[in-house]
Amino acid sequence: IHLATENEQYLSELPEQAGYFKETRIVEFIFLLSEKWHLDQSTRYQAVELLERFMIKQVEQMCDNSRSAKGRAQGQRSSWSSVRDHITNTFVLRLVSCVQLASKLSLHYSRVTSDTALKFLQSLKYSYTKQELLESELAVLNTLHFHINVSTPLAYVELLLEVLGYNGCLLPAKPLHQLCVQLLDFCYLTRETIYDTLLKIAIENSTPSKLQIAKFLTVKEDFMLLAVGVISTGVFILSPDHWEQVVEHLNGITGITPQSILEFSYAVVRRIVGSTTP
């Protein structure tokens, strides 16, 4: 109930720019960096969400400041150029800071120290100091008002799997959990293709309008739908005999319709097949 409420609140306050900083290259960078530093699965998802939320707020604040400082059209163009340059020049530093902060929220794994982060940045030919690294972490914290312990889709997946087990679904728990984590990674890394397929299914049209794309944003950012879709797909692959039963249970737990669950699983499976076909 808590996660569902949190999810609904997030969707009700969703900024128009949501998802801009979840493109494949960024997500892949965070996943590979988390793997390099031996961080757990929840940490990498949390880092993605932190970076996304921080970058959107930072861009909004910088644009507001630029508009208030310069009102003339030419001035606005030069101000946006300045904002863009600042974001570009500090992006990798902010990304590393988000991974650092996410690692500090995990009590079961070693946190990423300043020395480790600096060594990595130096390997990319950046010359930041420990003070600049600390200031970057503080910038993220202040911009997000220290609200960094956000729930991730993995938390939704794991809790729903527990509820399914409690409700009597006889599923291979460990293999299913491992597969769901892999599928969640896959959904993050192929996000645009999967949701593009899902949108076209929903509107029954291969060329969605700008308005339809804008309205679909809440679907793309719905963690509960993502978790349900991942579990449904995992069960379909691993234990197809239980699929209808699981979909029925997921519908009863979350209120998400069987049709929506089916469509999401179809979009994921279609992308899997497409990525493995020569």
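Here the structure is a predicted model, which is why all the values come from computation and not from measurement. Along each chain, numbering runs from 1 in the same order as the chain's sequence is written. Restriction of local features to residues with pLDDT of at least 70 applies here, the model being predicted, together with a cutoff of 80 or more for giving and counting side-chain atom pairs; totals for whole chains, interfaces and linings are based on all residues. With hydrogens and water excluded, all non-hydrogen atoms of the structure serve as input to the side-chain values.

**Details of the nonpolar core**
Going by this rule: What makes a nonpolar core is a set of buried Ala, Val, Leu, Ile, Met, Phe, Trp, Tyr and Cys residues whose side-chain atoms join them at distances within 4.5 Å. Exposure categories follow from relative accessible area, calculated using a 1.4 Å probe and restricted to protein chains: below 20% of the type maximum is buried, above 50% is exposed, and the middle band is partly exposed. Where each domain begins and ends is defined by an automated method or by a domain database. In this analysis, two residues are considered to be in contact whenever any of their non-hydrogen atoms come within 4.5 Å of each other.
In this structure, Ile30 and Ile231 are the most contacted members of the largest nonpolar core, which totals 82 residues. In this structure, this core is formed jointly by two domains, domain 1 (14-144) and domain 2 (153-273), each of which donates at least three residues. What Ile231 contacts, discounting residues up to four positions off in sequence, is Val157, Leu160, Leu161, Leu164, Cys180, Val246 and Leu250. Judged by nonpolar contacts, the second largest core, of five residues, contains Tyr10, Leu11, Ala18 and Leu217.

**Things to note about the domain arrangement of the chain**
Inclusion rule: Buried area adds together the accessible area that both of two parts lose upon being put together, with accessible area traced by a 1.4 Å probe. For this analysis, a salt bridge means a side-chain nitrogen from Lys or Arg found within 4 Å of a carboxyl oxygen belonging to Asp or Glu. Under the rule applied, a polar contact is a pair of N or O atoms within 3.5 Å (in protein, one hydrogen donor and one hydrogen acceptor; residues adjacent in sequence only if both atoms are side-chain atoms). Helix and strand definitions follow DSSP, with helices as H or I runs of at least four residues and strands as E runs of at least two, each counted in order from the N terminus. Residue classes follow a fixed rule: Ala, Val, Leu, Ile, Met, Phe, Trp, Tyr, Cys and Pro count as nonpolar, while Asp, Glu, Lys and Arg count as charged, and any other residue, Gly among them, counts as polar.
Segmentation of the chain into domains returns domain 1 (14-144) and domain 2 (153-273). Computed from C-alpha coordinates alone, the two centres of domain 1 and domain 2 are separated by 28 Å. Facing the 17 residues of domain 1 at the interface are 11 residues of domain 2. Together domain 1 and domain 2 conceal approximately 1,300 Å² of surface at their shared face, both sides included; 66% is due to carbon and sulfur atoms. Counting across the domain 1 and domain 2 interface gives two salt bridges. For Lys22, the salt bridge goes to Glu221, with nearest N and O atoms at 3.0 Å. The interface formed by domain 1 and domain 2 contains six residue pairs in polar contact (both at pLDDT 80 or more). For the side of domain 1 that touches domain 2, the leading source of residues is helix H3 (residues 41-69), giving seven residues. Its residues placed into classes, the side of domain 1 that touches domain 2 shows seven nonpolar, four polar and six charged.

**Remarks on the environment of Lys220**
Within the fold, Lys220 resides in helix H11 (residues 217-220). By relative accessible area, Lys220 is classed as buried at 18%. The spacing of Lys220 and His86 is 134 residues in sequence and 28 Å in space, taken between C-alpha atoms. Sequence-distant contacts of Lys220, defined by excluding residues within four places in its chain, comprise Arg191, Glu192 and Tyr195. Within polar-contact distance, the side chain of Lys220 engages the side chain of Glu192 at 3.3 Å.

**Things to note about the pattern of salt bridges**
Considering all chains together, one arrives at 10 salt bridges under this definition. Beyond isolated ion pairs, a larger network of salt bridges with shared partners links Lys22, Glu49, Arg191, Glu192, Lys220 and Glu221.

**What about helix H9 (residues 191-203)?**
Along an α-helix, residues three or four positions apart point the same way, because every turn accommodates 3.6 residues. Operational definition: To estimate the expected span of a helix, subtract one from its residue number and multiply by 1.5 Å.
In this model, H9 (13 residues) spans 18 Å end to end at C-alpha, consistent with the 18 Å of a helix rising 1.5 Å per residue. Taken together, the buried positions of H9 are Arg191, Ile194, Tyr195, Thr197, Leu198 and Leu199. Immediately beyond the C-terminal end of H9, within one or two residues, lies Glu204, with a positive phi of roughly 55 degrees.

**Concerning the packing of aromatic side chains**
Keep this limit in mind: In this analysis, rings of Phe, Tyr and Trp, with Trp reduced to its six-membered ring, are considered paired at centre separations within 6.5 Å, and the interplanar angle assigns stacked below 30 degrees, edge-to-face beyond 60, and tilted for intermediate values.
Within the structure shown, the criterion is met by 11 aromatic pairs. Both rings, one in Tyr10 and one in Phe223, keep their centres 6.0 Å apart while their planes meet at 35 degrees; by these two values the pair is tilted. On the criterion of sequence distance, the pair formed by Tyr10 in helix H1 (residues 2-12) and Phe223 in helix H12 (residues 223-238) is long-range, its members being 213 residues apart. The residues Tyr10 and Phe223 share a single accessibility class, namely buried. Geometrically, the ring pair formed by Trp37 and Phe120 is edge-to-face, given 5.7 Å between the ring centres and 80 degrees between the ring planes.

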